[in-house]
Amino acid sequence: MLARVSGRRGVLIGLSAIGCGFAFLAALGVPGAAGERQASRAAGHARIVHLTTRRDAGIFSMSPTGGRRQRLRRGLVDGVSLAASGRRMVFANSQPTPCGPCPADFHVDVFVANGNGRHAHRVRQFRHANLFSLAMSFDGRQVVLSIYRGGDADLYLMRANGEGVRQLTDDRRDQTGPSFSPDGREVVFSQDDPAGARIYAMPVRGGGKRRLTDDGGSARDPVFSPNGRWIAYDGTKGADSGIFLMHSDGRDGRRLTNVGDDAIDFAPDFSPNGRSIVFARGAGIDFDLVTMRVDGSNLRRIRHSSNGFIDPDWTR
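Residues numbered from 1 in each chain as written. Predicted model: local features only at pLDDT ≥ 70, side-chain atom pairs only at ≥ 80, totals over all residues. Heavy atoms only, no water.

Enquirer: Sorry if this is basic, but what is going on with the pattern of salt bridges here?
Expert: Note on pairing: side chains with opposite charge can pair once their charged atoms come close. Overall, the coordinates contain 13 salt bridges when judged by the stated rule. Salt-bridge contacts for K209 lead to D171; the nearest nitrogen and oxygen are separated by 2.7 Å. Taken as a pair, K209 in the loop between β14 (196-203) and β15 (210-211) and D171 in the loop between β11 (166-167) and β12 (175-180) lie far apart in primary sequence, 38 residues in all. Judged by its relative accessible area of 31%, D171 falls in the partly exposed class. Between R281 and D265 there is a salt bridge, with the nearest N and O atoms lying 2.7 Å from each other. With a gap of 16 residues between them, R281 in strand β21 (residues 276-283) and D265 in strand β20 (residues 264-270) connect regions that are remote in the sequence. (Salt bridge = Lys/Arg side-chain N within 4 Å of Asp/Glu carboxyl O. Helix = DSSP H or I, 4+ residues; strand = E, 2+ residues; numbered from the N terminus. Buried < 20%, exposed > 50% of the residue type's maximum accessible area, 1.4 Å probe, protein only.)

The following block contains the structure:
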């Protein structure tokens with residue numbers, strides 16, 4: 001995960017008019033006052049699972065308002081992801097290979113546990129490799145990983161029990177930040193092209209990639225909304241970074257946040273009802289967790305950066 005953050009990245013609008021904002025809200029199906037009350041009640045049955053990079057390193061969960069925080073796993077972890085139900089978790093870390101006279105080498109251990117991080121068991125080990133990022137499918141049956149080997153990062157697909165490993169990409173370009181479509185048939189990811197990072201999609205059964213972004217700047221960490229209609233991602237345009245939203249076919253991309261050049265917004269994820277987004281914001285190794293509605297309004301910091309929060313996963 002640390003590799004994922006540093007690789008983003010270097011340096012890393014809201015809606016322009018009220019009329020556009022209302023149209024956008026209607027298109028997304030964002031609720032009015034009654035819907036907001038329902039969303040508030042639903043938040044009581046949801047949680048945000050995340051990693052920390054400082055002090056008490058490990059996997060934690062909290063309520064969408066920042067309360068009820070509890071530790072799920074202790075120790076450094078490079079990536080974590082949960083099924084949509086919140087009942088199954090995959091996490092991994094990169095470990096040095098013990099060998100005194102040998103060149104520096106690492107392997108990636110992948111674990112599956114229940115939604116509270118318990119009963120973890122290792123399902124797979126990737127030798128001579130480092131982990132950039134991983135994601136579990138909505139139904140908890142598949143895992144896609146960005147594994148660094150031999151000079152570049154490629155995507156690997158496997159069943160959640162560690163079997164059926166298959167390499168999806170192999171073209172000497174880094175593919176990172178993968179995630180699944182809700183039906184599990186596609187993965188979206190970021191690829192480092194000569195002109196900058198672009199978001200692509202490809203079927204999990206294999207086949208050609210199709211590019212979804214090409215607007216100058218960079219685009220990373222794509223994630224589908226629960227209904228599959230939208231993709232949120234982090235990116236840059238000029239000197240500014242932010243969270244963006246587009247249709248799942250790449251149309252109508254728009255910026256939701258804009259933090260300037262002194263911080264970055266990254267690693268977005270949708271709430272289970274698709275009406276809100278959580279993401280990490282900060283600089284260096286100091287990151288807050290922030291939530292907002294899908295139109296970029298109601299921006300709210302739910303946890304302070306003293307623990308270096310990253311990789312938020314909003315689940316049931």
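Picking up after the structure, the text goes on.
Enquirer: Teacher, can you tell me more about the pairing of β14 here?
Expert: In the case of a regular strand, side chains alternate between the two sheet surfaces. Counting buried positions along β14 gives seven out of eight residues, so the element sits mostly inside the fold. One ladder, built from eight bridges, connects strand β13 (residues 186-193) with β14; its direction is antiparallel. Paired with D193 across the two strands is G196, which belongs to β14. (Pairing = 2+ DSSP bridges.)

Enquirer: Explain the sheet that holds strand β1 (residues 47-52) to me, please; I cannot follow it from the model alone.
Expert: Strand pairing in a sheet relies on backbone hydrogen bonds. The paired strands run either parallel or antiparallel. The four strands lie next to each other as β3-β2-β1-β24, forming an open sheet whose pairing is antiparallel. The two strands at the open ends of the sheet, each matched to only one other strand, are β3 (70-74) and β24 (309-315). Along the sheet, successive strands turn relative to each other by an average axial angle of 20°, direction set aside. Note that strand β2 (residues 58-62) and β3 share four bridges and pair antiparallel. Across the sheet, residue F60 finds its bridge partner in β3, namely R71. (Axes fitted to C-alpha atoms, helices over the stretch in contact; angles between N-to-C directions.)

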